[in-house]
Amino acid sequence: MNIRRGFKTEAKSLALELRTELGLGPYVPFDPYALAAEYGISVVALSELDCAERAHFLKRDGSALSGALIPDGTSVIILDNDAQMVVRRRTTMSHELAHVVLEHAFGLSLADERKCGLGGAQEEEADWLAGELLVPYGAALRLARAGATDEIVAQRMDVSLAVARWRMNGSGARKVAARARSRWASTRR
Ligand SMILES: [Zn+2]
């Protein structure tokens, strides 16, 4: 399933708009918890649930969901698995929030790794918008021009190494920066 034409461009500017609403420029770490608050979305930590409720969200092998989007009347609740690493929680939160912002139709969305089962295009759109929120294209490009490694990007934007690598390469930022560098080098010859 492919992302529809034009979506990536829209996601780029939508992410910047959402960041602006929170008083965040493109070059600083994203704050998914602030966005949830802005949208009136309650975030419930898995550890806050009582045992019976928690067991419901834990799998038999003891692993748990990364997160979940639960309809609650006209709003939604995001279940945040606070046993996981912060960078992973930030990614899951951003993915779930992207579904809300994009007004994806959902019943119950349970995030397992990077899929919450909403189906092809919606998952890809949520992933892409989450990526733009966490590492906006402008930030990726600026970091690529500066020759930043995945480790530096991860640190600077407070994301996992995997997300940093995905954004720097998948967004095309490194390719664009490298092309510009070689153009510049050839004019100097
Ligand atoms: Zn999803």
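From a predicted model like this one, the values you see are computed outputs, not experimental measurements. (Residues numbered from 1 in each chain as written. Predicted model: local features only at pLDDT ≥ 70, side-chain atom pairs only at ≥ 80, totals over all residues. Heavy atoms only, no water.)

Participant: How should the pattern of salt bridges be read in this particular structure?
Facilitator: It is possible for side chains of opposite charge to pair when their charged atoms get near one another. The tally for this structure, following the rule as stated, stands at six salt bridges. We note a salt bridge from Asp80 to Arg89, for which the minimum N-O separation is 2.9 Å. According to the relative accessible area criterion, Asp80 is buried, its value standing at 3%. One salt bridge in this structure joins Arg90 and Asp158, with 3.5 Å as the shortest N-O distance. Of this pair, Arg90 sits in helix α4 (residues 86-101) while Asp158 sits in the loop between α7 (150-157) and α8 (161-170), and the two are 68 residues apart along the sequence. Take Arg90: its relative accessible area is 7%, and that puts it in the buried class. Judged by its relative accessible area of 32%, Asp158 is partly exposed. Within this structure, Asp150, Arg165 and Arg174 form a network of salt bridges that share partners. (Salt bridge = Lys/Arg side-chain N within 4 Å of Asp/Glu carboxyl O. Buried < 20%, exposed > 50% of the residue type's maximum accessible area, 1.4 Å probe, protein only. Helix = DSSP H or I, 4+ residues; strand = E, 2+ residues; numbered from the N terminus.)

Participant: In this structure, what is going on with the pairing of strand β3 (residues 75-80)? I would like to understand it.
Facilitator: The two faces of a sheet get side chains in turn, since along a regular strand they alternate between them. Pairing between strand β1 (residues 42-45) and β3: four bridges, direction parallel. If you follow Val43 over to β3, its bridge partner there is Ile78. As defined by bridge partners, strand β2 (residues 67-72) adjoins β3 across six bridges and the pair is classed as antiparallel. What sits directly across from Pro71, in β3, is Val76. Counting the residues between successive antiparallel strands, the hairpin from β2 to β3 contains two residues, one of them, Gly73, with a positive phi of roughly 65°. (Pairing = 2+ DSSP bridges.)

Participant: What's the story with the packing of helix α5 (residues 120-134) against α8 in this structure? I'm lost.
Facilitator: Two quantities define a packed helix pair, namely the angle between the helix axes and the distance between the axes. α8 packs onto α5 with a crossing angle of 95° between their chain directions and a minimal axis gap of 11 Å. One way to sum up the angle between α5 and α8 is to call them roughly perpendicular. In this structure, α5 contributes Asp127, Trp128, Gly131, Glu132 and Leu134 to the contact, and α8 contributes Val163, Trp166, Arg167 and Gly170. In the contact of α5 with α8, the residues fall into four nonpolar, two polar and three charged. (Axes fitted to C-alpha atoms, helices over the stretch in contact; angles between N-to-C directions. Parallel < 35°, antiparallel > 145°, perpendicular 65-115°, else oblique. Contact = heavy atoms within 4.5 Å. Nonpolar A, V, L, I, M, F, W, Y, C, P; charged D, E, K, R; others polar.)

Participant: Any chance you could explain helix α6 (residues 137-145) here in plain terms?
Facilitator: A turn of α-helix holds 3.6 residues, and therefore any two residues three or four places apart point the same way. Residues of α6 that are buried include every one of Tyr137, Ala139, Ala140, Leu141, Leu143 and Ala144, and no others. Looking at the buried residues of α6, the elements they touch are α1 (7-21), α5, α7, α8 and α9 (173-187).

Participant: Where do I start with the packing of aromatic side chains in this structure?
Facilitator: Here the distance between the centres and the angle between the planes together describe a pair of aromatic rings. Under the definition given, this model contains one aromatic pair. Ring plane angle 90° and centroid distance 5.8 Å describe the contact between Trp128 and Trp166, whose orientation is recorded as edge-to-face. Of this pair, Trp128 sits in helix α5 while Trp166 sits in helix α8, placing them 38 residues apart in sequence. The exposure class assigned to Trp128 is buried, which follows from its relative accessible area of 10%. (Phe/Tyr/Trp six-rings, centres within 6.5 Å; stacked < 30°, edge-to-face > 60°.)

Participant: What should I look at first to understand the environment of Leu143 in this one?
Facilitator: Note that Leu143 resides in helix α6. The sequence separation of Leu143 and Val153 amounts to ten residues, and the corresponding C-alpha distance is 7.1 Å. Not counting residues within four places of it along the chain, the set of residues in contact with Leu143 comprises Ala148, Val153, Arg156, Met157 and Met168.

Participant: What is the right way to look at the side chain of Thr91 in this model?
Facilitator: Tracing the backbone through its elements, the reader meets Thr91 in helix α4. Discounting chain neighbours no more than four positions away, the residues touching Thr91 are Leu134 and Val163.

Participant: Is there a simple way to think about unusual backbone geometry in this case?
Facilitator: Negative phi characterises most residues that are not glycine, and trans characterises most peptide bonds. The backbone of Glu103 shows a phi angle near 55°, a positive value even though the residue is not glycine. Among the structural elements, Glu103 can be located in the loop between α4 and β4 (109-111). Taking the relative accessible area as the measure of exposure, Glu103 reaches 69% and is therefore exposed. Phi is positive for Asp158, close to 55°, though the residue is something other than glycine.

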